[in-house]
Amino acid sequence: MNDATQTARGPSLWTSGDWNAFFGFGTNILVNMLVLTGLLRSVLKMPDSLVFGRILPALGLMMCLSTFYYAFLAYRLARRTGRNDVCALPSGVSVPHMFIVTFVIMLPISLKTGSPIKGWEAGLVWVFFQSFILMIGGFIAPIVRRITPRAALLGTLAGVSVTFIAMRPALEMYMTPVIGITCFAIILVSWFGGYRYPKNIPAGLVAIAVGMALAWGANILGFSIGGLNVERLAGAFASFGFSVPVPATEHIFSGFEFLSIILVTAIPFGIYDLVEAMDNVESAEAAGDAYPTTSVLTADGVVSLIGCLMGNPFINAVYIGHPGWKAMGGRLGYSAATGLMVILLSWFGIVSVLLALVPVVAISPILLYIGMLIGAQAFQTTPARHAPAVVLALTPHLAAWCKTLIDGALGAAGTNAAAIGMDQLGQVGVLYHGLQVLGGGSILTGLVLGAIGVFIIERQFRSAAAFAFTGAVLTYLGFMHGEAVGFGPQGFGVTPSVAAAYGIIGALFLVLSRVPDFTMSRAEERVAAIEAAPAE
């Protein structure tokens, strides 16, 4: 049957190429689900009843709705254009945000309250706001993207990736090096080195298979590597059952007590989601499939909100990679088939068995790779002269990460920084108060500092002043350099001295913008340099 005959009857719902795309994309989704479940159980210490009974069923519903909707968009596009080569947009849990909501929102609140349930509720509120930002923020994102330098946007994201995403997996790898480093090398030679494994088996799947072989082989020989054992595997089968998502609205309302902390990250990362979605839609259009940006952004927001209302603390996103799945032969069916696969994995408790079969340390290299990729992107996709601004945007996240480690260590010892005293900590080189101020609201702090750095490098002092004054307002209200939004003692700002400092440098930049020596354009600089060069 030729394409013309098929188009007359309607687009094909399944083609031979969909098998290739399904196995490739399905493996990608499976790896992400294993990582996500490992984070919930190993990092956040959430009970299995919550993970397998509430979160994963809601997650499965969200991802199924998403993949079905994008298959429908592809079907509609194929009918309208009369083509039979339209490929559906890939979608699933936003991988960068999976780690951000875990390590920046849920983990600190779980540690602070001593309750993983509170951490889960905070995650629900984070996604609740992210969903509405996605739905209504399509009109704002282009403006923010236009006025904010890329080095600032990507620099603050790189800070999160290097600290809160990459460091823990790196440490875990070297705690179990036989599995961790081996699996890391398998991933690197493929994803960075371009090596293709036989039959085009995805590198993540190869790494997991090798990690399983090493862990179970060691177990058979009497060594305990990777934390796997037969008893744990047998116990995992107890999670088999049928769990459907149920409303979690009461937990969302409970999580609003952490609203001031959540808004500090929800707003900037909601904007990042918008920019990322627009970029991926543009990528699909370049590959020949033009999808309406508004429909895509609205869909991401709506399905994320549905998942949140049912108990899922992770947001949905359009994935990068549409041209690759299309080149592989994927059309409409691979997207819908992946949605059905997710339902089977999440509603029937199959993920728990897979986790008992797969050592977590075999997955850790994937997290380190993601951290490396996002961190490198900030330098690779920005002008080389902006590199110092990228590093400047990183520093607040380093401070926030160090403070988190110190708080965890002191908490394990049954004390805290206030009880020990700032002076006492300072005497041993721990400038805790500095970490507290610099690391507070690190997402926005990194964004503002990075932008100021770029505009200084470019001698655009009016723009630098605008960001400095913005930083002053955000700092005064606690969005930056503070751990909560609001006002400090006696009604003053959270950190009024830092807000005043931003105001002072903003005024300085305005003065410099009026000084002739500092307003010389780069073209004028080049002309002056040529005129000053000695004759040869």
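Thresholds, definitions, all that
Residues numbered from 1 in each chain as written. Predicted model: local features only at pLDDT ≥ 70, side-chain atom pairs only at ≥ 80, totals over all residues. Heavy atoms only, no water. Helix = DSSP H or I, 4+ residues; strand = E, 2+ residues; numbered from the N terminus. Buried < 20%, exposed > 50% of the residue type's maximum accessible area, 1.4 Å probe, protein only. Contact = heavy atoms within 4.5 Å. Core = buried A, V, L, I, M, F, W, Y, C linked by side-chain atoms within 4.5 Å. Expected span 1.5 Å × (residues − 1). Axes fitted to C-alpha atoms, helices over the stretch in contact; angles between N-to-C directions. Parallel < 35°, antiparallel > 145°, perpendicular 65-115°, else oblique. Left-handed = near helix turned anticlockwise from the far one by under 90°. Salt bridge = Lys/Arg side-chain N within 4 Å of Asp/Glu carboxyl O. Arc of directions from axis to C-beta. Phe/Tyr/Trp six-rings, centres within 6.5 Å; stacked < 30°, edge-to-face > 60°.

**So, the overall build of the chain**
Broken down by element type, the chain carries 25 helices and two strands. With 536 residues in all, the chain has 52% of them scored as buried. Restricting the contact set of the chain to residue pairs at least 6 apart, pairs at least 24 apart contribute 81%.

**Observations regarding the nonpolar core**
Residues Phe-99 and Phe-314 are the most contacted members of the largest nonpolar core, which totals 106 residues. Counting residues per element, this core draws most heavily on helix α3 (residues 48–81), at 13 residues. In this view, Phe-99 contacts Val-35, Leu-39, Val-104, Ile-165, Leu-367 and Ile-370; residues no more than four positions away in its chain are not counted. Membership of the second largest hydrophobic core comes to 23 residues, among which are Leu-444, Val-448, Ala-451 and Met-480.

**Topic: helix α15 (residues 333–347)**
The end-to-end C-alpha distance of α15, which contains 15 residues, comes to 21 Å, matching closely the 21 Å that a straight helix rising 1.5 Å per residue would cover. Here α15 lies mainly inside the structure; twelve of its 15 residues are buried. The set of residues buried in α15 consists of Gly-333, Tyr-334, Ser-335, Ala-337, Thr-338, Gly-339, Met-341, Val-342, Ile-343, Leu-345, Ser-346 and Trp-347. Positioned one or two residues after α15, Gly-349 has a phi angle of 70°, which is positive.

**Structural notes on the packing of helix α7 (residues 150–175) against helix α17 (residues 360–380)**
At their nearest, the axes of α7 and α17 sit 8 Å apart, and the two run at 155° to each other. Compared by their axis directions, α7 and α17 come out roughly antiparallel. Handedness of the crossing formed by α7 with α17: left-handed. For the pair α7 and α17, the contacting residues are Leu-154, Gly-155, Leu-157, Ala-158, Ser-161, Val-162, Ile-165, Ala-166, Pro-169, Ala-170, Glu-172 and Met-173 in the first and Val-361, Ser-364, Pro-365, Leu-367, Leu-368, Gly-371, Ile-374, Gly-375, Gln-377 and Ala-378 in the second.

**A look at the environment of Ala-393**
Within the fold, Ala-393 resides in helix α18 (residues 387–412). A residue is classified by how much of its surface remains accessible, and Ala-393, at 0% relative accessible area, is buried. The spatial distance from the C-alpha of Ala-393 to the C-alpha of Gly-155 is 5.2 Å, given a sequence separation of 238 residues. Ignoring sequence-local partners within four residues, the contact set of Ala-393 consists of Gly-155, Thr-156, Gly-446 and Gly-450.

**A closer look at the pattern of salt bridges**
Going through the model one piece at a time under the given rule, you end up with nine salt bridges. Notably, a salt bridge pairs Glu-458 with Arg-385, separated by 2.5 Å at the nearest N-O pair. Pair noted here: Glu-458 is in the loop between α22 (442–457) and α23 (461–477) and Arg-385 is in the loop between α17 and α18, with a separation of 73 residues, a long-range link. Take Glu-458: its relative accessible area is 15%, and that puts it in the buried class. Judged by its relative accessible area of 44%, Arg-385 is partly exposed. A salt bridge links Lys-403 to Asp-407; the shortest N-O distance between them is 2.8 Å. Taken together, the positions of Lys-403 and Asp-407, both in helix α18 and four residues apart, correspond to about one turn of that helix. Overlapping salt bridges, with partners in common, bring together Arg-83, Asp-85, Asp-289 and Lys-326 in one network.

**A word on helix α24 (residues 496–513)**
Relative to the 26 Å expected for 18 residues at 1.5 Å per residue, α24 spans 26 Å between its end C-alpha atoms, a close match to the ideal helical length. Of the residues making up α24, those classed as buried are Val-498, Ala-499, Tyr-502, Gly-506, Phe-509, Leu-512 and Ser-513. Projected down its long axis, α24 shows its buried positions confined to an angular sector of 135°, all on one face. Away from the buried face of α24 by more than 90 degrees, exposed residues Ser-497, Ile-504 and Val-511 are located. Considering only its buried residues, α24 is in contact with α21 (432–439), α22 and α23.

**Regarding the packing of aromatic side chains**
By the definition in use, this model includes 13 aromatic pairs. Ring geometry for Phe-128 versus Phe-256: centroids 6.0 Å apart, planes at 70°, classification edge-to-face. One end of the pair, Phe-128, is in helix α5 (residues 116–136); the other, Phe-256, is in the loop between α11 (249–255) and α12 (259–286), and 128 residues separate them in sequence. Ring pairs connect the aromatic residues Phe-128, Phe-129, Phe-132, Phe-253 and Phe-256, which therefore count as one cluster.

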